[in-house]
Amino acid sequence: MKAIRVKQLRQGNPSIALETVDDPVITHPQEVIVKVLAVGLDGTDKEILQEKYGVPPQGEDDLTTGHESLGVVAEAGAESGFQAGDLVTAIVRRPCRNQSCVNCRNGHSDFCQTGEFVERGIKGAHGFLSEYYREDGRYLVQVPTDLLEHGVLVEPQSIVEKVWDQVLRVQQRLIWEPKTALILGSGPLGLLAAITCRLLGLDVHVWSKSPQDSLQAQLVKDCGGVYQTADEGGGLTAYAEGLGKPIDFVLECTGFSPLAFEAMVVLAPNGVLALLGVTPADRKLEISSDMLNQSMVLENKCVIGSVNAARKDFETAIYRLQQMERVYPGWLDRLVTNRMKLEAVPKLDFASIPIKAVVDIVPMEQWRGLVKQTNEVEYSFSV
């Protein structure tokens, strides 16, 4: 089968190639062979493909990339819980093997304490940017067929759902009735956060670099949000003050660390700042630390970081994507701006992607013929 590989990662001279690799084979009755329909690309993939920093499996030099998957079960082990034709996506992170990590031992590898976890397509395990992959049925999530066209977005949406779930848990400390959300950044994650907050009934403001006539700005407006170009209006603090109302919830989706500290200042008393963007490790910033500390303490502000997601978050994401398509039909179609074949990935210029790119391993017009039609899937989630 064909797969996109970042090669010779351990040799110090990595390259990207479309290679022919061995077809996966079931070796345990709990395993499943998945035929990949599509794989989404995000900022992590950009960094892996451009900076080539991924970690291959132990004992190997190459890494198959891709972690946002949509596929159909081609072959199912007798104890996997799946059948051929089931539409599925895969949870990305796997638990560490350290018995002292209570979270991994209890199904919460997204809160791994040791850092020894494995992430498919990122760290220690091959990803999904291939024609097939093998997976333990425990890590697959069935997707209803009415979400066939948008199922590749389940993984990024799961990140938004996880942070909202965590915010609700944290805010049980008080009576919290949020009314206004501020999203920093209008990439795929920022836009999914914006439409999610609209569905949650919040007034949404998105602050980003894209101009007012951009597709990003139009998507925000089309789901009932307000868009502000970052280079206009005197900066984030001035913009927030000009709103004339408290900002209860801020989602930082840019990975630009100075914005995170500025967001702490504009956050309303009792508010929550959620950090979703991963920042570089070498940026330095001079801040008014005493003022910031005083504001956080005296006004009961909270800052949380969130990355990766668990099964419940994937299942909530499925519900939310269905809700998006029902309330704002066609919105998700416009979020995906670039579709390409597997052969195009090695020479992909990420600067040419306005919002979201998806690699179609199988042409979309063939998908329905491969999938067993069902929308009766049992989930356990919180909204």
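Model, not experiment: these values are computed from the prediction.

With that out of the way, let us pick up the overall build of the protein chain. Counting secondary structure elements, the protein chain contains 11 helices and 19 strands. Expected size for 383 residues packed as a compact globule is a radius of gyration near 21 Å; at 21 Å, the protein chain falls within 12% of this value. Expressed as lengths along the three principal axes of its C-alpha atoms, the size of the protein chain is roughly 60 × 45 × 40 Å. Considering only contacts within the protein chain whose residues lie at least 6 apart along the sequence, 71% involve residues at least 24 apart. A total of about 17,200 Å² of accessible surface is found on the protein chain, and carbon and sulfur atoms cover 48% of it. Computing the positive centroid from 37 side-chain charges and the negative centroid from 50, the protein chain places the two 1 Å apart.

Another aspect to go through is unusual backbone geometry. Even without being a glycine, Gln8 presents a positive backbone phi close to 55 degrees. In this fold, Gln8 is placed in the loop between strand 1 (2-7) and strand 2 (15-20). Take Gln8: its relative accessible area is 36%, and that puts it in the partly exposed class. For Asn270, which is not glycine, the phi torsion reads 70 degrees and is therefore positive. Locating Asn270 in the fold gives a position in the loop between helix 7 (257-266) and strand 16 (272-275). Asn270 sits in the partly exposed class, given a relative accessible area of 26%.

UniProt's feature table lists "domain: Alcohol dehydrogenase-like N-terminal" (unreviewed entry) at residues 29-144, given in the numbering used throughout. Taken end to end, residues 29-144 comprises 11% helix and 35% strand; its first and last C-alpha atoms sit 24 Å apart.

To continue, consider the packing of helix 3 (residues 154-170) against helix 4 (residues 188-199). Contact geometry of helix 3 with helix 4 gives a least axis separation of 10 Å together with a crossing angle of 55 degrees. Compared by their axis directions, helix 3 and helix 4 come out oblique. Remark: the crossing between helix 3 and helix 4 carries right-handed chirality. Together, Pro156, Gln157, Ile159, Val160 and Glu161 of helix 3 and Leu189, Leu192, Ala193 and Thr196 of helix 4 make up the contact between the two elements. Within the contact of helix 3 with helix 4, the residues separate by chemical class into 6 nonpolar, 2 polar and 1 charged.

Rules and cut-offs
- Residues numbered from 1 in each chain as written.
- Predicted model: local features only at pLDDT ≥ 70, side-chain atom pairs only at ≥ 80, totals over all residues.
- Heavy atoms only, no water.
- Helix = DSSP H or I, 4+ residues; strand = E, 2+ residues; numbered from the N terminus.
- Rg over C-alpha atoms; globule rule 2.2 N^0.38 Å.
- Contact = heavy atoms within 4.5 Å.
- Areas by Shrake-Rupley, 256 points an atom, 1.4 Å probe, with all protein chains shown as cover.
- Lys, Arg positive; Asp, Glu negative; His and termini not counted.
- Charge placed at Lys NZ, Arg CZ, Asp CG, Glu CD.
- Buried < 20%, exposed > 50% of the residue type's maximum accessible area, 1.4 Å probe, protein only.
- UniProt positions renumbered as here; feature names shortened; annotations may be inferred.
- Axes fitted to C-alpha atoms, helices over the stretch in contact; angles between N-to-C directions.
- Parallel < 35°, antiparallel > 145°, perpendicular 65-115°, else oblique.
- Left-handed = near helix turned anticlockwise from the far one by under 90°.
- Nonpolar A, V, L, I, M, F, W, Y, C, P; charged D, E, K, R; others polar.

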